[in-house]
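The chain contents come next:
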Amino acid sequence: MATGVDAVERALLVLEAFKDGSRVMSLKEISEKTKLNKATILRLMVSLERFNYIVRLGEGRFSLGPNPIHLGAVYQRSFRVSDHVLPVLQDMMNETGETAAYFIREKDLRVCLFMVESPNTLRSHLREGDVRPLRPGGTGLVLEAFSGGEGEEYERLRQSYIAVNIGERHPEISSVAAPVFRIGQQLVAAVSLSGPTSHFDEQTIPFLSRSVLEGAARLTYSFGGDPTPLDLARHGIPKTERPKRLLEN
């Protein structure tokens, strides 16, 4: 098993301390956030300053330097959405056997940008590029709820982070869906698993919901958002075994 370098990991902890939006912090504040002692932080600051990751201000205060911004810009320029989305959708489909898809909102429509189709004979008839009304549908509900929709239904979804749709659009097709966020917890998309309604029951819905929330958390992390709420929602769902139909395949 690979091991890290302690000094590097401590330096990264110092940089991570600024992730909550703090622009300027004192040595004491950094120590409280990182649990590192002040002497260690000061030694790390020498190298971080030298490479422009940290700027030392007056009165023992520090702020991020220009290099993190530069690296962020490089990352954005090299970021291809498909490189991040398709592997996650593939993992979701492999785990559950259902069609995995990634939807974005375009005004009052939802667009399927990416999908990995289930190999099952019975499956959701969905294609990349499909354009559908926001409602009915679980992904549309997610896109509405996390872009300012008002009402009890939306509020419940903003608490659970998971939308379960049983035959709402078509009685033979059901789905579960969750939101994906970018920096600032701004909504990017909705990810879903869909398939025959007969596959969505008391045993499988928790299993599918956990898979969708895990995929949404992974993508949120890739887009620079905070996956913590999605992870907490996933852990709040009781674990169930893989459905028998998957174990038999």
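These numbers come from a predicted model, not from an experiment.

**Digging into the overall build of the chain**
Here is step 1 of the chain: Counting secondary structure elements, the chain contains 10 helices and 9 strands.
Here is step 2 of the chain: Expressed as a percentage of the 249 residues in the chain, the buried residues total 44%.
Here is step 3 of the chain: For the chain, restricting intrachain contacts to residue pairs at least 6 apart in sequence, the fraction spanning at least 24 positions comes to 54%.

**A few points about the nonpolar core**
Here is step 1 of the chain: Core analysis: the largest hydrophobic core is formed by 50 residues, its most contacted members being Leu-89 and Tyr-102.
Here is step 2 of the chain: Among the elements that line this core, the one with the most residues is helix α8 (residues 204–222), at 7 residues.
Here is step 3 of the chain: Counting residues in each nonpolar core, the second largest holds 15 residues, with Ala-11, Met-25, Leu-27 and Leu-36 among its members.

**Description of the packing of aromatic side chains**
Here is step 1 of the chain: Taken as a whole, this structure holds 4 aromatic pairs when the rule is applied.
Here is step 2 of the chain: Look at Phe-146 and Phe-181: their rings are 5.5 Å apart centre to centre, the planes differ by 75°, and that puts the pair in the edge-to-face class. Of the two residues, Phe-146 sits in the loop between α6 (138–145) and α7 (152–160) while Phe-181 sits in strand β8 (residues 173–182), which places them 35 residues apart along the sequence. Pair check on accessibility: Phe-146 and Phe-181 agree, each one buried.
Here is step 3 of the chain: Centroid distance Tyr-161 to Phe-181: 6.4 Å. Interplanar angle 80°. Geometry classified as edge-to-face. Of this pair, Tyr-161 sits in the loop between α7 and β7 (163–170) while Phe-181 sits in strand β8; the two residues are 20 residues apart in sequence, bridging distant segments of the chain.
Here is step 4 of the chain: For Tyr-161, a relative accessible area of 17% corresponds to the buried category.
Here is step 5 of the chain: Judged by its relative accessible area of 5%, Phe-181 falls in the buried class.

**Here's the deal with the pattern of salt bridges**
Here is step 1 of the chain: According to the stated counting rule, one finds 10 salt bridges in the structure shown.
Here is step 2 of the chain: Where Arg-218 meets Asp-91, a salt bridge forms, and the shortest distance between an N and an O atom there is 3.0 Å. With Arg-218 in helix α8 and Asp-91 in helix α5 (residues 81–96), this residue pair connects regions lying 127 residues apart in the sequence.
Here is step 3 of the chain: According to the relative accessible area criterion, Arg-218 is partly exposed, its value standing at 34%.
Here is step 4 of the chain: Among the residues examined, Asp-91 registers a relative accessible area of 36% and is labelled partly exposed.
Here is step 5 of the chain: Among the ionic pairs, Arg-158 bridges to Glu-155, the shortest N-O distance being 3.4 Å.

**Some details on the sheet that holds strand β4 (residues 99–106)**
Here is step 1 of the chain: Taken in spatial order, the 6 strands make up an open sheet running β6-β5-β4-β9-β8-β7, and their pairing is antiparallel. Looking at which strands have only one partner, the edges of the open sheet turn out to be β6 (131–133) and β7. Along the sheet, successive strands turn relative to each other by an average axial angle of 35°, direction set aside.
Here is step 2 of the chain: In terms of strand pairing, β4 meets strand β5 (residues 109–116) through 7 bridges, oriented antiparallel.

**Examining the sheet that holds strand β1 (residues 24–26)**
Each strand in a sheet pairs with its neighbour through backbone hydrogen bonds, running either in the same direction (parallel) or in the opposite one (antiparallel).
Here is step 1 of the chain: Strand order in the open sheet made by the 3 strands is β1-β3-β2, with antiparallel pairing throughout. Across the chains shown, the open sheet's two edge strands, defined by having one partner strand only, are β1 and β2 (54–56). Averaged over all pairs of adjacent strands, the angle between strand axes in this sheet comes to 30°, irrespective of strand direction.
Here is step 2 of the chain: Alignment of β1 against strand β3 (residues 61–64), held across 3 bridges, turns out to be antiparallel. Each residue of the ladder has a partner; that of Met-25, found in β3, is Phe-62.
Here is step 3 of the chain: Helix-sheet contacts for helix α2 (residues 27–34) involve β1 and β3, and the interaxial angle to β1 is about 85°.
Here is step 4 of the chain: With respect to the sheet, helix α3 (residues 38–50) is in contact with β2 and β3, its orientation differing from that of β2 by roughly 110°.

Rules of the game
- Residues numbered from 1 in each chain as written.
- Predicted model: local features only at pLDDT ≥ 70, side-chain atom pairs only at ≥ 80, totals over all residues.
- Heavy atoms only, no water.
- Helix = DSSP H or I, 4+ residues; strand = E, 2+ residues; numbered from the N terminus.
- Buried < 20%, exposed > 50% of the residue type's maximum accessible area, 1.4 Å probe, protein only.
- Contact = heavy atoms within 4.5 Å.
- Core = buried A, V, L, I, M, F, W, Y, C linked by side-chain atoms within 4.5 Å.
- Phe/Tyr/Trp six-rings, centres within 6.5 Å; stacked < 30°, edge-to-face > 60°.
- Salt bridge = Lys/Arg side-chain N within 4 Å of Asp/Glu carboxyl O.
- Pairing = 2+ DSSP bridges.
- Axes fitted to C-alpha atoms, helices over the stretch in contact; angles between N-to-C directions.

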